[in-house]
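Notes for the structure review
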Amino acid sequence: MLSSVTFDFPTIKETVAGAWVENVVRGDPSLEPAFIAAARKLVQRGAVAISSTCGFSVRHQAAVAASVNVPVVMSSLLLLPALLRELPLASKIAVLTYDSTHCGEDLLGIDDPAARARIVIGGIEGGKYWHDELKRPPPPTDVAAVETEVAACVARLRDAHPEIASILFECAAFPIVAPAIRRIAKLPVYDITDLCRMTMASVA
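All values reported here derive from a predicted model rather than from experimental measurement.

Observations regarding the side chain of T199
- Assignment of secondary structure puts T199 in helix α10 (residues 192–203).
- The buried category is assigned to T199, whose relative accessible area is 9%.
- Only 2.8 Å separates the side chain of T199 from the backbone oxygen of L195, close enough to count as a polar contact.
- Those residues in contact with T199, other than ones at most four positions away along the chain, are A49, P71 and V73.

Quick look at the structure:
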């Protein structure tokens with residue numbers, strides 16, 4: 001998300017005061033004013049759309065969207081309702097997350113029980129990347145470790161749920177290994193960068 005080569009449009013960034021991986025992932029409601037403040041600063045600096053570098057920020061989607069006058073897409077999880085409708089009713093979507101223990105029902109935006117039953121969640125909690133991101137500051141991303149851990153998680157989920165026909169990455173670090181996972185899994189893989197490109201295409 002922060003690499004200058006990811007997108008073919010310019011990006012600017014603001015840091016949310018007090019936000020670390022630990023409290024964003026577990027859901028700290030006291031961070032919401034800081035998310036709003038960062039979003040407003042981005043708009044003041046010329047941003048025409050806003051996203052975030054953590055899918056768990058979807059908790060603040062409504063508040064941030066209400067606070068600015070530009071499109072807001074805080075998380076790839078916003079794609080879930082549309083992706084479910086892309087597939088046959090017998091198919092499932094795998095949501096790959098940084099930490100499945102904190103990726104609860106409230107983040108999915110899916111109220112229909114039948115639709116929810118088509119979503120399977122798997123995480124890489126406890127792995128090298130998970131531990132690295134909890135450090136302050138975190139070390140450079142170990143891409144090889146991310147690929148290994150995500151691929152293993154996908155394999156576990158597919159063994160348990162052979163109906164999986166599509167993959168959605170919650171974590172904003174996972175797009176760096178999306179091409180590799182597409183080759184390995186031979187399934188469609190969606191992530192936050194796809195949502196950002198679609199959003200920017202609508203306003204450019």
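Details of unusual backbone geometry
- Of note, the amide linkage connecting R136 to P137 takes the cis form, showing an omega dihedral of -5°.
- Note on placement: P137 falls in the loop between α7 (128–133) and α8 (143–160).
- Non-glycine residue K186 carries a positive phi angle of around 55°.
- Tracing the chain through its elements places K186 in the loop between α9 (178–185) and β6 (189–190).

Section: the environment of R136
- Inspection of the secondary structure puts R136 in the loop between α7 and α8.
- Residues R136 and S75, 61 residues apart in the sequence, show an inter-C-alpha distance of 23 Å.
- Those residues within four positions of R136 in sequence are excluded, and the remaining contacts are W20 and E22.

A few points about the packing of aromatic side chains
- If you walk through the whole model with that rule in mind, you get four aromatic pairs.
- Here the aromatic rings of F7 and F9 are separated by 4.8 Å at their centres, their planes lie at 20°, and the arrangement is stacked.
- A relative accessible area of 9% means that F7 is categorised as buried.
- A centroid spacing of 5.4 Å and a plane angle of 85° characterise the contact between F169 and F174, whose relative ring orientation is edge-to-face.

Remarks on the sheet that holds strand β4 (residues 119–123)
- Strand order in the open sheet formed by four strands is β4-β3-β5-β6, with parallel pairing between adjacent strands. Single-partner strands in this sheet number two, and they are β4 and β6.
- Relative to β6, strand β5 (residues 164–169) runs parallel, the two being bridged by two bridges. Residue pairing across strands places L168 opposite Y190, the latter belonging to β6.
- Where α9 meets the sheet, it contacts β5 and β6, and its direction lies at approximately 170° from that of β5.

Thresholds applied
Residues numbered from 1 in each chain as written. Predicted model: local features only at pLDDT ≥ 70, side-chain atom pairs only at ≥ 80, totals over all residues. Heavy atoms only, no water. Helix = DSSP H or I, 4+ residues; strand = E, 2+ residues; numbered from the N terminus. Buried < 20%, exposed > 50% of the residue type's maximum accessible area, 1.4 Å probe, protein only. Polar contact = N/O pair within 3.5 Å; in protein donor to acceptor, adjacent residues only side chain to side chain. Contact = heavy atoms within 4.5 Å. Phe/Tyr/Trp six-rings, centres within 6.5 Å; stacked < 30°, edge-to-face > 60°. Pairing = 2+ DSSP bridges. Axes fitted to C-alpha atoms, helices over the stretch in contact; angles between N-to-C directions.

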